[in-house]
Amino acid sequence: LAYEREGINYSLAGDPLDIQLDFRIMPGHEEDFAWVLVSIQDITSRKKAEDYLRYLGTHDAMTGLYNRAFFEETIVRLEHQRKDPVSIIILDLNYLKHANDTHGHQAGDKLIRRTAEVIKAAFGIGHIAARIGGDEFAAVLPGADEVLAAEYIKQIHALIGLNNKYYREPELSISIGAATSTPGVSLEKIIGLADDAMYANKSEHHHRRKDDR
């Protein structure tokens with residue numbers, strides 16, 4: 001006697017519309033169905049708002065990458081469904097504070113978005129790329145061993161070079177570290193090892209920069 005569901009309808013122009021359909025038999029007409037109330041409500045705006053809220057729950061609004069919460073959930077899931085190897089790549093944007101101080105925060109934000117452009121170009125389906133801090137990023141590569149992780153790092157460096165040719169200053173510079181899982185070692189430990197490798201690479205960047213002065 002009552003039916004309610006959400007579905008898809010189409011406008012006269014052919015555009016999809018989210019709708020809520022209500023179908024009710026009015027009292028006293030349960031046998032002959034002579035009086036039926038049917039209502040169709042356009043809920044497209046509500047659906048878009050709900051989708052956007054779900055998106056914000058798993059993504060970083062500035063870059064479009066996954067956020068830290070989703071990254072951490074992924075690590076927990078992979079630990080429970082452990083299949084080695086899993087490689088973790090940690091990336092950290094260099095000289096962000098200098099860019100903010102010298103060129104303003106808009107320039108710093110642009111560097112963050114440029115870093116995300118590089119990361120999106122480097123990784124594909126099956127990889128989880130996330131912004132896990134203000135200037136820190138991470139990628140999770142299930143099934144990738146040390147050799148493949150090293151190839152991805154080479155690709156990132158090549159993409160950084162292309163990015164710097166396309167954009168004007170400030171120069172994009174990223175420190176990168178990676179580690180690959182082995183049986184009996186937790187993924188949290190692998191993240192720590194990748195983080196250590198990234199900081200070692202960052203130290204090299206700073207030494208090279210001092211030598212160039």
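Parameters at a glance
Residues numbered from 1 in each chain as written. Predicted model: local features only at pLDDT ≥ 70, side-chain atom pairs only at ≥ 80, totals over all residues. Heavy atoms only, no water. Helix = DSSP H or I, 4+ residues; strand = E, 2+ residues; numbered from the N terminus. Expected span 1.5 Å × (residues − 1). Buried < 20%, exposed > 50% of the residue type's maximum accessible area, 1.4 Å probe, protein only. Arc of directions from axis to C-beta. Polar contact = N/O pair within 3.5 Å; in protein donor to acceptor, adjacent residues only side chain to side chain. Axes fitted to C-alpha atoms, helices over the stretch in contact; angles between N-to-C directions. Parallel < 35°, antiparallel > 145°, perpendicular 65-115°, else oblique. Left-handed = near helix turned anticlockwise from the far one by under 90°. Contact = heavy atoms within 4.5 Å. Nonpolar A, V, L, I, M, F, W, Y, C, P; charged D, E, K, R; others polar.

1. Points about helix H2 (residues 68–80)
Phase 1 of the analysis: Counted at 1.5 Å a residue, the expected span for H2 with its 13 residues is 18 Å, and the 19 Å between its end C-alpha atoms agrees.
Phase 2 of the analysis: Taken as a whole, H2 has its buried residues at Phe70, Phe71, Thr74, Ile75 and Leu78. The buried residues of H2 occupy an angular sector of 145° when projected down its axis, which confines them to one face. Within H2, the exposed residues directed more than 90 degrees away from the buried face are Glu73 and His80.
Phase 3 of the analysis: For H2, the N-terminal capping position is held by asparagine 67, with its side-chain oxygen 3.3 Å away from the main-chain nitrogen of alanine 69.

2. Structural notes on the packing of helix H4 (residues 105–122) against helix H5 (residues 146–166)
Packed helix pairs are characterised by how far apart their axes lie and by the angle those axes make with each other.
Phase 1 of the analysis: Packing of H4 against H5 brings their axes to within 9 Å, and their N-to-C directions diverge by 135°. With respect to their mutual orientation, H4 and H5 come out oblique. The way H4 lies across H5 gives a crossing that is right-handed. Contacts between H4 and H5 involve Arg114, Glu117, Val118, Ala121 and Ala122 from the first element and Tyr152, Gln155, Ile156, Leu159, Ile160, Asn163 and Asn164 from the second.
Phase 2 of the analysis: Partitioned by chemical class, the residues of the contact of H4 with H5 number seven nonpolar, three polar and two charged.

Don't take any of this as a statement about function, it's just geometry.
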